[in-house]
Structure formats: C-alpha cells, structure tokens
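The chain contents come next:
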Amino acid sequence: MAMLSWNCQGLGCAQDLVIPRLREIRQEYFPDILFLMETKQSRDLLVDFHTWLGYDRILTVNPIGYSGGLALMWKNSVNIVFKFVDKNLADFNVKFGKDSFFVSCAYGDPVRENRAKVWERLSRIGAHINEPYEASLQPFNDMLDIGEMVELPSCASNQVFMDKRGSDHLPVLVKLISASDPFRGSFRFDRRFTNKPGVKEEIKKAWLTNHPLFEAKVSDRLKKCMKVLSNWKKREKINSRDKIKQIHCAMELEQSSSFPSGVREEELYWKQKCKEKWAVKGDLNTKYYHESVKSSRAKKRILKLMDENNQEQFSEAAKAEVANKYFMNLFKSSSEGEFNQLFDGFSSR
C-alpha cells in the first residue's frame, strides 16, 4: 500500500503542468491514497478530477478565497474513517486488509503565526492514540515527544522523492505497507518488434540453432524465440512510454515544440492491447485504445477474495494464496481407493 502527498499549488486547466504531472504519477505508481494541498479549487471540479484519475472516493476541503484547499482521494480497497478534518489537517484511521493504523495529513499554515495551532492539534491527536500512527510531517520535536511518534525510517524502498515539476514542492511517495510479491506477466509478442533492426536476425538465429534444438519440437523452438525476444527487449529498452516520458520532461524544461516520436509507437501498443477489430485511420487513437484497455481491465479485476477463515484479502499475493488453496481442495480426491481398474483395456505407449 502506497500514499502520495503533494503541494500542487493549484489544479488549473489541462494546459498547466500540474495535470500532466499527476497523470504521469497515476500511470507509473497509482498510489492507494493521494493527498493534495493547495488545490485552490471547489469540490465540484475536484470530484470530476478524482474520477478522471481513477479513484473511487474523495474528501475535499474548499479553499478560503484563492488560498489553500485540500483533497484526499483513495481506492475502494482502502477503508478510511475520518476522526478530524479542517482546512489544515485530515486525521483518519486506515484499514487495508488485516492492517489498521492512523494517518494525519497536515498542510502547514502559510501564515507563520498560525502554525502553532496546527502543531498543537497534532500533539493532542497523538497523545490520545495508542495504535500504530504515521504522520506525513517534518520532525517537529515537541509534537513528536508529546505524541510519542518517531520519524518514518527512510530508505530507497519505502520513500520516493520525485522531480520538482508543475510545483516548487516535491511529490513524496511513501509505502506504508510493504508490497506483495511482484507480478510477473506472461510473454506477448509486440508488433513494434517487427520494425526494429536486428529482430528478424535474432528470431532466425533462435529458430535455426543447431544445438540443442535442431530436432526440437515447434513448441520448444517458440520458447527459445520467446526467451531471445525478452532479452532483446530488455537490452534495447524500447518501451515507448518511457520514451514519451523523457520527451515530456525535455519539453517542459526546454519548452520545445517538437512532436514526440514515441507517440505513434504508443498508439500501436495500446491498439494491440485493447483487442479491437477495427481502427479509424487519420487522427491518432491512442487515448481511445487506452480507455478500451482500462475498461476491460476494470471489468475483469478481482478486488478481494475471502479466505477459509472468512477474512477478506486484498493484496495480490494473499488473493493468489486463497485461489490456490481453493482449487487444490476442489480437485483433490477425497478417496484413497485403487484406480487401476479404470484403465483396464488401455494399451500402453
């Protein structure tokens, strides 16, 4: 489970840098909880925005004039119960599967004289909590001592400080619960391979190798080709999304107007993934294909599974274990009888 906190300094129109930046973060990380400060927007716009990002729930605090404004967005897999909310602070209890803990998200008041009120409120909250508690704050000694809190240990695996783009504040991604076993997808042939130099030679070399697959079956040759193509893809780094990301960074920093060369490859990739049987020639259809894939994935997604103890499991590793135990019990024989008579009359090969 991951949470991202960012002082975005205003959610404006789509041409601003904040919107594209949040879209990139959504595509690469998609944190379970997203906390935005200084939204400077009303609830109506933020509700539309959270739907566009793909989140299921949202809490908003409207700005005062043109200052402030908070938004907390989260997925259905996270259960949140709010304890206290105002223009500077959101304190809530988080339940994620079998884990439960408290989180306080604070926005320091722009007026220095008013900040003591925020720390005083956090001190009172921390003093009355005996359960696990995390605070997305800098280590203010007095508040930490009263609340008996400690600074979240920092390491490369549980915190990510991202680039400063769209705002003069860094987005911070924190992994509150260690990730489940990494997902390893199955191999699929990518049509973008066919236009790359050296691919045909690699496939031919794998297919016609003299040893040890010269007399091998077709399935063995295909496995050999699959392995060669996987290694070639890693070596050549042809991921078009990474290319587009690099170009976007260059455009933002240098204000370049050059057309991204990776967009066409991105369209071809999502066209194949969405499995549509037709295509409209002319304008780029990347957005349409991408939305088609997202819709298909949403329909097929299994949000949770209930194990044999009637406990709901949300993580990928836990759901896989529940499914594995279910089918092992389903297809396991309850009889220890002799089955040789069932094969009488069959000739052995």
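Throughout, residues of each chain are indexed from 1 in the direction in which the sequence is written. Totals for whole chains, interfaces and linings use every residue, but because this is a predicted model, local features are given only for residues with pLDDT of at least 70 and side-chain atom pairs only at 80 or more, for both listing and counting. Each side-chain value is worked out from all heavy atoms of the structure, with water and hydrogens disregarded.

Draft legend 1. Seen up close, the overall build of the protein chain. Runs of H or I in DSSP of at least four residues are treated as helices and runs of E of at least two as strands, each being numbered from the N terminus. A count of helical and extended segments in the protein chain gives 10 helices and 12 strands. A separation threshold of at least 6 residues defines the contact pool for the protein chain, and within that pool the share at least 24 residues apart is 49%. In this analysis, two residues are considered to be in contact whenever any of their non-hydrogen atoms come within 4.5 Å of each other.

Draft legend 2. Representation of the packing of helix α5 (residues 199–207) against helix α6 (residues 218–236). Two numbers describe how α5 lies on α6: the axes approach to 8 Å, and their chain directions differ by 145 degrees. The element α5 and its partner α6 pack so that their crossing is right-handed. Judged by residue contacts, Val199, Glu202, Ile203, Ala206 and Trp207 of α5 engage Val218, Arg221, Leu222, Lys224, Cys225, Val228, Leu229, Trp232 and Arg235 from α6. A class-by-class count of the residues in the contact of α5 with α6 yields 10 nonpolar, no polar and four charged. Between the N-to-C directions of two axes lies an angle of 0 to 180 degrees, each axis being a line fitted to C-alpha atoms and, for a helix, fitted only over the stretch in contact. Left-handed is the label given to a crossing in which the near helix is rotated counterclockwise from the far helix by less than a right angle, and right-handed is the label when the rotation is clockwise. Amino acids are sorted into nonpolar (Ala, Val, Leu, Ile, Met, Phe, Trp, Tyr, Cys and Pro), charged (Asp, Glu, Lys and Arg) and polar (every other residue, Gly among them).

Draft legend 3. Quick look at the nonpolar core. Membership of the largest hydrophobic core comes to 21 residues, with the highest contact counts inside it found for Leu11, Leu36, Phe49 and Met73. Contributing elements (two or more residues each) for this core: β1 (2–7), α1 (18–28), β2 (33–37), α2 (43–53) and β4 (70–74). Looking at which element gives the most residues to this core, the answer is α1, with four residues. If sequence neighbours within four positions are ignored, phenylalanine 49 has contacts with Leu11, Ile19, Leu22, Leu36 and Met73. Among the nonpolar cores identified, the runner-up in size contains 20 residues, and Met37, Val61, Leu70 and Cys105 belong to it. Grouping buried Ala, Val, Leu, Ile, Met, Phe, Trp, Tyr and Cys residues that are joined through side-chain atoms within 4.5 Å yields what is termed a nonpolar core. Working definition: with a 1.4 Å probe on protein chains only, accessible area under 20% of the residue-type maximum means buried, over 50% means exposed, and in between means partly exposed.

Draft legend 4. Summary view of helix α10 (residues 316–331). Take the number of residues in a helix, subtract one, and multiply by 1.5 Å to get its expected span. With 16 residues, α10 extends 23 Å from end C-alpha to end C-alpha; this agrees with the ideal 22 Å at 1.5 Å per step. Among all positions of α10, only Ala318, Lys319 and Val322 are buried. With its buried residues spanning 100 degrees around the axis, α10 presents them on a single face. Residues of α10 that are exposed and angled more than 90 degrees away from the buried face: Glu316, Met328 and Phe331. Comment: arc refers to directions from the helix axis out to C-beta atoms.

Draft legend 5. The arrangement of the packing of aromatic side chains in detail. Note on aromatic contacts: the rings of Phe and Tyr and the six-membered ring of Trp form a pair at centre separations within 6.5 Å, being stacked when their planes are under 30 degrees apart, edge-to-face when over 60 apart, and tilted otherwise. Taken as a whole, this structure holds seven aromatic pairs when the rule is applied. Aromatic side chains tryptophan 74 and phenylalanine 82 sit 5.6 Å apart centroid to centroid with 65 degrees between the ring planes, which places their arrangement in the edge-to-face category. Taking relative accessible area as the criterion, phenylalanine 82 reaches 27% and is therefore assigned partly exposed. Pairing phenylalanine 327 with phenylalanine 331 gives two aromatic rings, centres 6.3 Å apart and planes at 10 degrees, and the pair type is stacked. Taken together, the residues span about one helical turn, with phenylalanine 327 and phenylalanine 331 both in helix α10 at a distance of four residues. Classification of phenylalanine 327 by relative accessible area gives partly exposed; the value is 45%. Through a chain of ring-to-ring contacts, the aromatic side chains of Trp74, Phe82 and Phe92 assemble into a single cluster. In this analysis the charged atom, NZ for Lys or CZ for Arg, is taken to sit over a ring once it is within 6 Å of the ring centre and within 35 degrees of the ring normal. One Lys or Arg, lysine 75, reaches over the ring of phenylalanine 30 and ends 3.9 Å from the middle of that ring. Note that arginine 121 overlies the ring of phenylalanine 84, its terminal NZ or CZ placed 3.9 Å from the centroid.

These results come straight from atomic positions and should not be treated as a statement about function.
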